[in-house]
Amino acid sequence: MYTHVAVHRSHTMADEAQPPNGTDVVDKMTVEVAEMALDAKEAAGKEAAGGQPGAAEPAAKPSDKETNGSATPANKPVCSAAFKEQFKAFSKFGDTKSDGKHLTLSQSDKWMKQAKVIDKKITTTDTGIHFKKLKSMKLTYEDYNKFLDDLAKTKKVELDEIKNKMANCGAPGVHNATPGKAAETVARLTDTSKYTGSHKQRFDETGKGKGIAGRKDMVDQSGYVSGYGHKNTYDKTH
């Protein structure tokens, strides 16, 4: 818009400044040169903007949410195969005759305790109530998923969070207990150097037990009198 106004103003100034002696030809040439320079400047600007007149700015890249239709899930996806294998393992836990297709409430609670799903928010009372809703002493894999879904909704806990913990809690009976105080206590109780009284007499200097000699007064039949301190020091060469 400013370019056309400048050109129009140039025309107007040329007409107003036209001398009566016929020098309007020179002024028209000046105006034409100015118009050509402005046109060249506009063309250069269009090429820099995208090569085509009126080219719009590139569209913004759609977000991951728009592309996928949903936001990236906060929880890690549940591995169904791992969860199913854990179901089979715990269904045989404590029952050697189990075929791995059914899970009892007791086995379920052991699984949940090991996975730390049962805590202050979810208790064994909650699991018992929801388990018995299915009116069966043993649940199949499909029914067990219904049980977990119902439990998660009632307690307002993410189902995927529960399943992830249960799928990655390790083999049945494996607890990630941290050794510490228990090991120190055992070491202190088995340190024979700290024993006193009659208990101290049951072990030698290396900590090895003396057996019956440490529990009973054995008769010394070596021939030496009791309390003799130079036993076995006699020079037998004489």
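Below is a short write-up of the structure. Owing to the predicted nature of the structure, the values given are computational and were not obtained by experimental measurement.

## Topic: the overall build of the protein chain
Part 1 of the reasoning: In terms of regular secondary structure, the protein chain is built from 10 helices and 2 strands.
Part 2 of the reasoning: Helices and strands in the protein chain line up, N terminus first, as α-α-α-α-β-α-α-β-α-α-α-α.
Part 3 of the reasoning: Expressed as a percentage of the 238 residues in the protein chain, the buried residues total 18%.
Part 4 of the reasoning: In the protein chain, once contacts between residues fewer than 6 apart in sequence are set aside, the share between residues at least 24 apart is 52%.

## Description of the side chain of D109
Part 1 of the reasoning: Position of D109 among the secondary structure elements: in helix 5 (residues 105–114).
Part 2 of the reasoning: K113 provides the closest opposite charge to the buried, salt-bridge-free D109, at an N-O distance of 6.0 Å.
Part 3 of the reasoning: Beyond its immediate stretch of four places on either side in the chain, D109 contacts I118, T124 and T127.

## As for helix 7 (residues 141–155)
Part 1 of the reasoning: Given a rise of 1.5 Å per residue, 15 residues ought to cover 21 Å, and the 21 Å separating the end C-alpha atoms of helix 7 matches this to within 8%.
Part 2 of the reasoning: Of the residues making up helix 7, those classed as buried are Y141, Y144, N145, F147, L148, L151 and A152. On an axial view of helix 7, the arc spanned by its buried residues comes to 155 degrees, and they lie on one face. What points out from helix 7, more than 90 degrees from its buried face, is the exposed set E142, K146 and K153.
Part 3 of the reasoning: On its buried side, helix 7 packs onto helix 4 (80–91), strand 1 (103–104), helix 5, helix 6 (124–132), strand 2 (138–139) and helix 8 (159–167).
Part 4 of the reasoning: Remark: K156 follows helix 7 within two positions and exhibits a positive phi of approximately 55 degrees.

## With respect to the packing of aromatic side chains
Part 1 of the reasoning: Taken as a whole and judged by the stated rule, the model has 9 aromatic pairs.
Part 2 of the reasoning: Aromatic pair F90 and W111: ring centres 5.2 Å apart, planes at 10 degrees, arrangement stacked. With a gap of 21 residues between them, F90 in helix 4 and W111 in helix 5 connect regions that are remote in the sequence.
Part 3 of the reasoning: Judged by its relative accessible area of 0%, W111 falls in the buried class.
Part 4 of the reasoning: Here the aromatic cluster, defined as three or more aromatic residues joined through ring pairs, consists of F83, F87, F90, F93, W111, F131, Y141, Y144 and F147.
Part 5 of the reasoning: Sitting over the face of the ring of Y141, K84 holds its NZ or CZ atom 5.2 Å from the ring centroid.
Part 6 of the reasoning: A cation over an aromatic ring shows up here: K163 above the ring of F83, its NZ or CZ 5.2 Å from the ring centre.

## Here's the deal with the pattern of salt bridges
Part 1 of the reasoning: Overall, the coordinates contain 5 salt bridges when judged by the stated rule.
Part 2 of the reasoning: Note that D149 and K153 form a salt bridge whose closest N and O atoms lie 3.4 Å from each other. With D149 and K153 both in helix 7, this residue pair falls 4 residues apart, about one helical turn.

## Some points on the packing of helix 5 against helix 7
Part 1 of the reasoning: Contact geometry for helix 5 and helix 7: axes closest at 13 Å, N-to-C directions at 55 degrees. With respect to each other, helix 5 and helix 7 are oriented oblique. Seen from above, helix 5 lies across helix 7 with right-handed handedness. Residues S108, W111 and M112 of helix 5 lie in contact with helix 7, whose contacting residues are Y144, F147, L148 and L151.

So, how was this worked out
- Residues numbered from 1 in each chain as written.
- Predicted model: local features only at pLDDT ≥ 70, side-chain atom pairs only at ≥ 80, totals over all residues.
- Heavy atoms only, no water.
- Helix = DSSP H or I, 4+ residues; strand = E, 2+ residues; numbered from the N terminus.
- Buried < 20%, exposed > 50% of the residue type's maximum accessible area, 1.4 Å probe, protein only.
- Contact = heavy atoms within 4.5 Å.
- Lys, Arg positive; Asp, Glu negative; His and termini not counted.
- Salt bridge = Lys/Arg side-chain N within 4 Å of Asp/Glu carboxyl O.
- Expected span 1.5 Å × (residues − 1).
- Arc of directions from axis to C-beta.
- Phe/Tyr/Trp six-rings, centres within 6.5 Å; stacked < 30°, edge-to-face > 60°.
- Lys NZ or Arg CZ within 6 Å of the ring centre and 35° of its normal.
- Axes fitted to C-alpha atoms, helices over the stretch in contact; angles between N-to-C directions.
- Parallel < 35°, antiparallel > 145°, perpendicular 65-115°, else oblique.
- Left-handed = near helix turned anticlockwise from the far one by under 90°.

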